[in-house]
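# A closer look at the structure
The residues making up each chain are set out below.
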Amino acid sequence: MMQNLRKRSAELGLSLGNRQKTYNSRLAQELGKWAESKNAGDAFHAAAFKAYFADGKNIAKLPVLLDLAESAGLNREEAESVILNRMFKKAVDENWALSWKNGIKAVPTFMMKNYQLVGAQSYSTLEKLLISNGVKTK
């Protein structure tokens, strides 16, 4: 599995380190929803991806999350309040419920109509999914 992930990461130009542990990403998900509400979702998610997959950081730790928020241009104190008060817990719970309803049990999962691709996929595989479901190329 890691060999495939490393291959796909290299194809996409994504950094992938030698992560030895899996950390709980729940609070990062909640902070990510908040970042999206502040139009900084892409920057936050990119920073969280790099921190977790390339740098092996524990994204369950408050100081790491606050650093990520700050690196995405978000206010550190506001980010801390969002986490401590679990302000986006309900939004993430709703996302999880929708995922389970749609049979999504792993990430990433790419879904279109009744078709799902699970795991890291090549560009050509994703393109085939889109085209086979009627998406027109430009």
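Residues numbered from 1 in each chain as written. Predicted model: local features only at pLDDT ≥ 70, side-chain atom pairs only at ≥ 80, totals over all residues. Heavy atoms only, no water.

### Observations concerning the packing of helix α2 (residues 26-37) against helix α3 (residues 41-54)
This is how the line gets drawn: Throughout, an axis means a line fitted to C-alpha atoms (over the contacting stretch in the case of helices), and angles, computed between N-to-C directions, take values from 0 to 180 degrees. Only runs of H or I of at least four residues qualify as helices and only runs of E of at least two qualify as strands under DSSP, and these elements are numbered from the N terminus. Comment on the angle field: the value is read as roughly parallel under 35 degrees, roughly antiparallel over 145, roughly perpendicular from 65 to 115, and oblique elsewhere. By definition, residues are in contact when any of their heavy atoms lie within 4.5 Å. Residues were grouped as follows: Ala, Val, Leu, Ile, Met, Phe, Trp, Tyr, Cys and Pro as nonpolar; Asp, Glu, Lys and Arg as charged; and all remaining residues, including Gly, as polar.
Following both chains from N to C, one finds α2 and α3 inclined at 155°, their axes separated by 7 Å at the closest point. In terms of orientation, α2 and α3 fall into the roughly antiparallel class. Judged by residue contacts, Ala28, Leu31, Gly32, Ala35 and Glu36 of α2 engage Gly41, Phe44 and His45 from α3. Taken together, the residues of the contact of α2 with α3 break down into four nonpolar, three polar and one charged.

### Digging into a nonpolar patch on the surface
Rules: Each patch is built from salt-bridge-free residues with over 30% relative accessible area, joining like charges within 9 Å and nonpolar side chains (Val, Leu, Ile, Met, Phe, Trp, Tyr) within 5 Å. Accessible surface area values rest on a Shrake-Rupley calculation with a 1.4 Å probe, where residue burial reflects the displayed protein chains alone. The term salt bridge refers to a pairing of a side-chain nitrogen on Lys or Arg with a carboxyl oxygen on Asp or Glu at a separation within 4 Å.
The grouping of Leu130, Ile131 and Val135 at the surface amounts to a nonpolar patch, some 220 Å² of accessible area in total. Within the secondary structure layout, Val135 lies in the segment after α7 (123-132).

### Points about helix α4 (residues 62-71)
We count it as follows: Think of it in three bands: with a 1.4 Å probe and only protein chains considered, a residue is buried below 20% of the maximum accessible area for its type, exposed above 50%, and partly exposed in between.
Those residues of α4 that fall on the buried side of the exposure criterion are Val64, Leu65, Leu66, Leu68 and Ala69. Taken together, the buried residues of α4 touch α2, α3 and α5 (76-84). One or two steps after α4, the chain reaches Gly73, where phi turns positive at roughly 85°.

### Notes on the packing of aromatic side chains
Short version of the rule: Here is the rule: rings of Phe, Tyr and Trp (six-membered ring for Trp) pair when centre to centre is within 6.5 Å. Planes less than 30 degrees apart are stacked, more than 60 are edge-to-face, and the remainder are tilted.
Under the counting rule described, the total for this entry stands at three aromatic pairs. Aromatic side chains Tyr23 and Tyr52 sit 6.4 Å apart centroid to centroid with 75° between the ring planes, which places their arrangement in the edge-to-face category. Within this pair, whereas Tyr23 is found in the loop between α1 (2-12) and α2, its partner Tyr52 is found in helix α3, the two being separated by 29 residues in sequence. Judged by relative accessible area, Tyr52 falls into the buried class, the value being 9%.

### Brief notes about the pattern of salt bridges
Here the structure, examined in full by the defined rule, presents 10 salt bridges. Ionic pairing is found between Asp93 and Arg26, a salt bridge with its closest N-O pair at 2.7 Å. You can see Asp93 sitting in helix α6 (residues 89-101) and its partner Arg26 sitting in helix α2, a full 67 residues away along the chain. Exposure remark for Asp93: the relative accessible area of 31% places this residue in the partly exposed category. Of the charged contacts in the structure, one is a salt bridge between Glu36 and Lys33, with a shortest N-O distance of 3.7 Å.

### What to know about the side chain of Glu30
Where we set the bar: A 3.5 Å cut-off defines polar contacts: any pair of N or O atoms within that distance qualifies, except that in protein one atom must be a possible hydrogen donor and the other a possible acceptor, and neighbouring residues in sequence count only when both atoms are side-chain atoms.
Within the secondary structure layout, Glu30 lies in helix α2. In terms of polar contacts, Glu30 uses its side chain to reach the side chain of Arg86, at 2.6 Å. The contacts of Glu30, once residues within four sequence positions are left out, are Arg86, Phe88, Lys89 and Val92.

### So, unusual backbone geometry
That bond from Val107 to Pro108 is cis: its omega, -5°, falls within 30 degrees of zero. Structurally, the position occupied by Pro108 is in the loop between α6 and β1 (109-112). Although it is not a glycine, Asn39 sits at a positive phi angle of roughly 60°. With respect to the helices and strands, the residue Asn39 is situated in the loop between α2 and α3. Judged by its relative accessible area of 76%, Asn39 falls in the exposed class. Of note in the backbone geometry, Arg86 takes a positive phi value of approximately 50° without being a glycine. Residue position: Arg86 is located in the loop between α5 and α6.

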